[in-house]
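Fold and geometry: a report
The residues making up each chain are set out below.
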Amino acid sequence: MTAAGRARTAWNRAAPTLRVERQIIRDGVPALACADEVGRGSLSGPVTVGVVVVTAESRAVPQGVRDSKLLSAAERERLAPLIRRWAACWSVGHAEPAEIDAYGIIAALRLAAHRALAGLETAPGALLLDGNHDYVTTPAQDALIGPPAVLDVVPPVRTIVKADLRCAAVAAASILAKTERDAIMTRLHDDHPEYGWAENKGYSAPEHLAALRRLGPTPHHRTSWRLPGVEAGAGVRADAVAGVPGAAALDDALLAGEPLTLDVAG
């Protein structure tokens with residue numbers, strides 16, 4: 001491994017701290033919400049945003065908290081209840097595949113984030129967001145064409161690249177989002193075991209892609225995307241639709257020939 005590679009590995013393994021969060025709180029934000037998302041690049045299932053609120057009274061984050069991608073499933077499951085007890089308050093919000101298809105992935109991320117913020121017991125004075133793009137604040141042009149409003153006003157948003165590696169509360173939020181979304185995909189696996197969601201959680205693992213080519217999409221797939229082995233505009237499996245509320249309406253809404261997009265960032 002090169003020196004640069006070793007430096008990156010050391011950076012990834014270093015424990016995040018509350019240094020950034022505490023500085024924002026000292027600057028006059030009594031309750032700071034910290035958020036991260038999971039599921040953006042998945043082929044099926046919801047996109048999920050976790051939010052953790054910290055205050056001046058917040059103690060050190062539970063030992064072992066890291067960005068959820070750096071932890072095993074067992075480590076995340078062990079840490080999640082500790083984080084829930086540690087946080088001043090917390091919430092997780094989701095946007096479903098039909099909403100991703102209808103509004104696009106960025107608007108769906110915003111919808112999930114708004115739902116998470118709406119579930120907080122304490123109204124935060126600011127929101128710290130992983131990345132360099134504010135997907136939470138509603139753009140003016142989306143007022144008419146975006147999803148139904150959940151919040152009329154969101155707190156001021158601050159973005160930090162790699163906040164999930166640097167900021168302990170953002171890493172904690174990523175763990176809550178990941179464990180909740182993984183649990184959803186595991187439950188969905190029971191109805192559609194062919195796709196291997198208990199293991200791949202809806203991402204493009206070989207068994208998932210093979211099942212898509214063999215069986216086609218389910219109501220839980222993001223059918224507006226270019227799913228491998230699925231023709232543009234193809235509807236969901238007829239046998240999968242049976243008994244699923246709203247599935248037929250979703251199929252009718254996906255018109256053949258519509259532009260297909262896939263945002264794989266994050």
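Look up: the structure comes first, before these words.
Throughout what follows, the structure given in this document is the object of discussion. Just so it is clear, the structure is predicted and the values come from calculations on it, not from any experiment.

**Some remarks on the environment of Arg181**
In this fold, Arg181 is placed in helix α8 (residues 168–191). Taking the C-alpha atoms as reference, Arg181 lies 7.9 Å from Val47; in sequence the two are 134 residues apart. Those residues in contact with Arg181 that lie beyond four places of it in its chain are Val38, Gly39, Ser42, Ser44, Gly45, Pro46, Thr48, Lys201, Tyr203 and Arg222.

**So, the environment of Ala168**
Locating Ala168 in the fold gives a position in helix α8. Its relative accessible area of 0% is what places Ala168 among the buried residues. Between the C-alpha atom of Ala168 and that of Cys34, which follows or precedes it by 134 residues, the distance is 9.2 Å.

**Structural notes on the sheet that holds strand β5 (residues 157–160)**
The mixed open sheet is built from five strands, whose spatial order is β3-β2-β1-β4-β5. Each edge of the open sheet is held by one strand with a lone partner, namely β3 (89–95) and β5. Taking each pair of neighbouring strands and ignoring which way they run, the sheet shows an average axis angle of 25 degrees. In this sheet, β3 lies alongside strand β2 (residues 47–55) in antiparallel orientation, the contact comprising seven bridges. Looking across to β3, one finds that Val53 is bridged to Cys89. Lying over the sheet, helix α2 (residues 19–26) contacts β1 (31–38), β2, β4 (126–130) and β5, oriented at roughly 140 degrees with respect to β1.

**What about the side chain of Asp67?**
Within the element layout of this structure, Asp67 appears in the loop between β2 and α3 (73–86). A distance of 3.0 Å separates a polar atom in the side chain of Asp67 from a polar atom in the side chain of Lys69. Leave out the neighbours within four places in its chain, and Asp67 touches Asp36, Asp164, Leu165, Ala171 and Ser174.

**Some words on the pattern of salt bridges**
With the rule as written, the count across this model stands at six salt bridges. Put simply, Lys178 and Asp182 hold a salt bridge, and the shortest N to O gap is 3.2 Å. In this pair, Lys178 and Asp182 both sit in helix α8, four residues apart, roughly one turn of the helix. Accessibility classification places Lys178 together with Asp182 in one group, the buried group. Each of Asp67, Lys69 and Asp164 takes part in one network of salt bridges that share partners.

**Concerning the packing of aromatic side chains**
Summed over the entire model, instances satisfying the criterion amount to one aromatic pair. With 5.3 Å between their ring centres and 25 degrees between their planes, Tyr195 and Trp197 make a pair best called stacked. Looking at Tyr195, the relative accessible area reads 0%, which means it is buried. Given the relative accessible area of 0%, Trp197 is considered buried.

**Quick notes on the nonpolar core**
If you look at the biggest cluster of nonpolar residues, it comprises 36 residues, and the most contacted ones within it are Val47, Val49, Val51, Leu117, Tyr135 and Val136. Broken down by secondary-structure element, the contributors of at least two residues to this core are β1, β2, β3, α5 (105–118), β4, α8 and α10 (206–215). A total of eight residues in this core trace back to one element, the largest contributor, which is α5. Setting aside residues up to four positions removed in sequence, Val47 forms contacts with Val38, Gly39, Arg40, Gly93, His94, Ala95, Ile100, Ile105, Ala108, Leu109, Ala112 and Arg222.

So, how was this worked out
Residues numbered from 1 in each chain as written. Predicted model: local features only at pLDDT ≥ 70, side-chain atom pairs only at ≥ 80, totals over all residues. Heavy atoms only, no water. Helix = DSSP H or I, 4+ residues; strand = E, 2+ residues; numbered from the N terminus. Contact = heavy atoms within 4.5 Å. Buried < 20%, exposed > 50% of the residue type's maximum accessible area, 1.4 Å probe, protein only. Pairing = 2+ DSSP bridges. Axes fitted to C-alpha atoms, helices over the stretch in contact; angles between N-to-C directions. Polar contact = N/O pair within 3.5 Å; in protein donor to acceptor, adjacent residues only side chain to side chain. Salt bridge = Lys/Arg side-chain N within 4 Å of Asp/Glu carboxyl O. Phe/Tyr/Trp six-rings, centres within 6.5 Å; stacked < 30°, edge-to-face > 60°. Core = buried A, V, L, I, M, F, W, Y, C linked by side-chain atoms within 4.5 Å.

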